[in-house]
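Each chain, written out:
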Amino acid sequence: MLRHPPSLIQNDTQPSSYIRPSVGSATAECETIPATTSDSDVRNSDCAFPPSCSQIFILWETFRQNVAPVVNIFHLPSTKQTFMNAAMAPDLVHRDTKPLMFSVYYAAVASMTDDICIQNMENARSTLLLHYHCATQQALIKANIFHTQNIQVLQAAVLLWTCMQNQDDRGYIWSMVSLLFRVAQAMGMHRDGGTMLDLTPIEVEVRRRIWWQICFLDVRLSKINDREPLQYRILFDTQIPLNINDEDIPADSTTPAVERAEATEMTFCRMRCHLIAAAQEMSLLGRGTGAEARETSKPFPSRQAERILHNFRGSLERSHIRQYNSFIPL
């Protein structure tokens, strides 16, 4: 269930310039949508106030510098074009694009200090976080996140819940990971797009980046909540994203990009993907199936664990560490 501040759901009479003041965190006053609230009530609520044109450019540049390097689920040149079009004609933004825009605003603000928010956005950081959090979730509902086949809508949800993973209500975020997996599986992201002839190189790479980011959330939040991961490497064949820069796959490209030997925009994320794959393998050790899975006295297979760690270290050595240049930051 997506969440909204109750006042914004139950009362649509707030003026269009209204922004809730004095909140402690992005989700401090967000509550679960009441069961009695109809879908039309949520869709008609008004908490999506777009920033000005100049603020859109500030938010995009902040996102590109602060967030994209560690949550790389986009092809930035393509996404930038979407934002520039929105800045020029905000009234023409498509319903499926709005969640993406507001989630990027939320992520950008989350990476700012309060002083910078007041200077550039003319509002306190906590106020903006609550504002864009609400706007993103409303936009996700309007875009039908539960049944969407639109990749931008899924990107928005992944980005939002990635930024919220350190909030107090981690159990809620963990439960949302299962939704992300189901939506991604409905789009076929658990199968590597490189074998699908109707996908462009950009689509293949973006699908890989999204899937592995969801796997990251799964492994991290499962550990925090003392639960088993929802996905394991043996259940999908989606490859780790290529070691490339976005400029290596132009918008009109029809052939897969050639991987670089040096550090790229994807190096950090790829190293994390290798770690996720190793963590998924380690989680399977000693579990077995059926009665074996319930046998708690079964000894931990340390040799298999050593093999997994050895392979993990080897993959990092071959793919990244040997080519690492201290003058090129990750």
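Conventions adopted
- Residues numbered from 1 in each chain as written.
- Predicted model: local features only at pLDDT ≥ 70, side-chain atom pairs only at ≥ 80, totals over all residues.
- Heavy atoms only, no water.
- pLDDT = per-residue confidence, 0-100.
- Contact = heavy atoms within 4.5 Å.
- Phe/Tyr/Trp six-rings, centres within 6.5 Å; stacked < 30°, edge-to-face > 60°.
- Helix = DSSP H or I, 4+ residues; strand = E, 2+ residues; numbered from the N terminus.
- Buried < 20%, exposed > 50% of the residue type's maximum accessible area, 1.4 Å probe, protein only.

1. Focus: the confidence of the model for the protein
Line of reasoning, step 1. This prediction gives the protein a mean pLDDT of 78; 72% of its residues lie at or above 70.
Line of reasoning, step 2. Confidence drops under pLDDT 50 across residues 3-46; counting only partners more than four residues distant or on other chains, this segment forms 78 contacts.
Line of reasoning, step 3. Ignoring residues within four places in sequence, the model shows residues 289-294, a span with pLDDT below 50, making four contacts including any to other chains.

2. Structural notes on the packing of aromatic side chains
Line of reasoning, step 1. Summed over all chains, the structure comprises ten aromatic pairs.
Line of reasoning, step 2. On the numbers, 5.5 Å between centres and 75° between planes, the contact of Trp212 with Phe236 is edge-to-face. One end of the pair, Trp212, is in helix 10 (residues 201-224); the other, Phe236, is in the loop between helix 10 and helix 11 (267-284), with 24 residues separating them in the sequence. Residues Trp212 and Phe236 agree in their burial class; the two are buried.
Line of reasoning, step 3. Pairwise contacts between aromatic rings join Trp60, Phe63, Phe74, Phe83, Phe102, Tyr105 and Tyr132 into one cluster.

3. Topic: the environment of Leu159
Line of reasoning, step 1. Positionally, Leu159 belongs in helix 8 (residues 151-163).
Line of reasoning, step 2. With relative accessibility at 0%, the residue Leu159 sits in the buried group.
Line of reasoning, step 3. Considered as a pair, Leu159 and Leu100 are 59 residues apart in the sequence and their alpha carbons are 8.4 Å apart.
Line of reasoning, step 4. Ignoring sequence-local partners within four residues, the contact set of Leu159 consists of Phe63, Val67, Val71, Ile73, Phe74, Ser103, Val104 and Ala107.

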